[in-house]
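So you can see what is in the structure, the chains are spelled out below.
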Amino acid sequence: MALQGWRFFGVSATIIIYIGGVLFLSMNNIPGSHPKRTRIERFAEFSSFHSPRFPMPSRKMTIRWCRDLKYLNRELPNYTDYKAGDYYTALPSDASANLQLQGIAPSPMLTALASFPGSGNTWLRYLLQQATGILTGSIYKDYGLLKTGFPAENVCNSSVLLVKTHEWGAKAWAPFSKAILLVRDPEKAIIAEFNRQSGGHIGFASPDRYKRTKDWQQFVSNKLKGWELMNLSWARNFTGSIKVVFYDDLVQHTERELRRILEFLEYPVNEQLLRCALVRKEGIFRRKKRLLSFDPYTDAMRAELLARRRIVYGVLGRHD
């Protein structure tokens, strides 16, 4: 009898402990019954950037604008101006985006900033915003850029100075009457795009990723074809006014190229803003140089790079 009593007591105690544990865990999982840890959203493009819902801006990410940024045409929908030092602003309606997919006729004032990915599009937009104080738009909605200096992401109308695009073909250029074609050496553009896809706008791909032979070879093959098609499509088939800007010229002769671009845009040069833009030209959107301990391109890849580069540069009138 005593043994049976101890068994009954043991089973009862086990059941009570189990039920108590279940009740305890259930109480702790009731919404609002205990403080939750705040989840900070981060973006791959800028690992130190925090969501504006939990404002903890990093000094590292602060952009000093030469003057407050604003939209070009105030007769269009009343967008909120972006003040120098702000990290967030009200966003325009999505209805203004992707006009080329809606069959809208080209605007007499709308200029494309067309480039293959990795060619310095974001850096040139930054320079132009510094030199003019006018926002630049994009057919895309890059959240990393949206919240760190480009609040007109996703705006594709003449309220902005120009509009970023990496697309090509009839639908791609349909909204535009003018275009700036930014061209970079494919060898460097492809690596820059490989870095962007792996580490964001200013990060880097791990060296190990280049050594995954099939993945890297396929990436180079696909992107090189895209680089050639994109540049030749705009250069040969776009019917509006077009200005070709080479990335290397923009790096080496920044002032000269900015003046020529502003002349093409028919936008007056503000000497004070231009000087300010040149002082602050590096910004935070230009990836720093990193030397690899190996050559990621094989001899066959380099031969193909050189052949396609000669074709494209020849069409664009560049023979160096």
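Since the model is a prediction, treat every value here as computed from it, not as a measurement. (Residues numbered from 1 in each chain as written. Predicted model: local features only at pLDDT ≥ 70, side-chain atom pairs only at ≥ 80, totals over all residues. Heavy atoms only, no water.)

Chemist: What is the right way to read the state of the cysteines from this model?
Modeler: Here a disulfide denotes one covalent bond, and it connects the sulfur atoms of two cysteines. Per the counting criterion, the structure on display carries 1 disulfide. Disulfide pairing places Cys66 opposite Cys276 at an S-S distance of 2.1 Å. Judged by the torsion about the S-S bond (-95°), the Cys66/Cys276 disulfide is left-handed. Here Cys66, found in the loop between helix H1 (2–28) and strand S1 (111–115), pairs with Cys276, found in helix H10 (residues 271–279); they are 210 residues apart in sequence, far enough to count as distant. Using a relative accessible area of 18% as the deciding quantity, one classes Cys276 as buried. (Disulfide = S-S within 2.5 Å. Helix = DSSP H or I, 4+ residues; strand = E, 2+ residues; numbered from the N terminus. Buried < 20%, exposed > 50% of the residue type's maximum accessible area, 1.4 Å probe, protein only.)

Chemist: I would appreciate a short explanation of the pattern of salt bridges in the present structure.
Modeler: Should the charged atoms of two oppositely charged side chains come close, the side chains can pair. Applying the stated criterion across every chain, the model contains 11 salt bridges. Asp185 serves as the salt-bridge partner of Arg309, at 3.2 Å between the closest nitrogen and oxygen. Here Arg309, found in helix H11 (residues 299–315), pairs with Asp185, found in the loop between strand S4 (178–183) and helix H5 (186–199); they are 124 residues apart in sequence, far enough to count as distant. What makes Arg309 buried here is its relative accessible area of 18%. (Salt bridge = Lys/Arg side-chain N within 4 Å of Asp/Glu carboxyl O.)

Chemist: Could you clarify how one ought to interpret helix H9 (residues 254–264) in this entry?
Modeler: Structural remark: α-helix, 3.6 residues per turn; residues separated by three or four positions point the same way. Within H9 the residues assigned to the buried category are Thr254, Glu257, Leu258, Ile261, Leu262 and Phe264. Projected down its long axis, H9 carries its buried residues within an arc of 155°, all on one side. Glu266 sits one or two positions beyond H9 and adopts a positive phi of about 60°. (Arc of directions from axis to C-beta.)

Chemist: I keep staring at the packing of H9 against H10 and nothing clicks. Help me out?
Modeler: When two helices pack together, their arrangement is given by the angle between their axes and by how far apart the axes lie. Orientation of H9 relative to H10, taken along the N-to-C sense of each, is 135°, at an axis distance of 11 Å. By the angle between their directions, the pair H9 and H10 is classed as oblique. Viewed along their axes, H9 and H10 form a crossing whose handedness is right-handed. Of the residues in H10, those touching H9 at Thr254, Glu255, Leu258 and Arg259 are Glu271, Leu274 and Leu278. (Axes fitted to C-alpha atoms, helices over the stretch in contact; angles between N-to-C directions. Parallel < 35°, antiparallel > 145°, perpendicular 65-115°, else oblique. Left-handed = near helix turned anticlockwise from the far one by under 90°. Contact = heavy atoms within 4.5 Å.)

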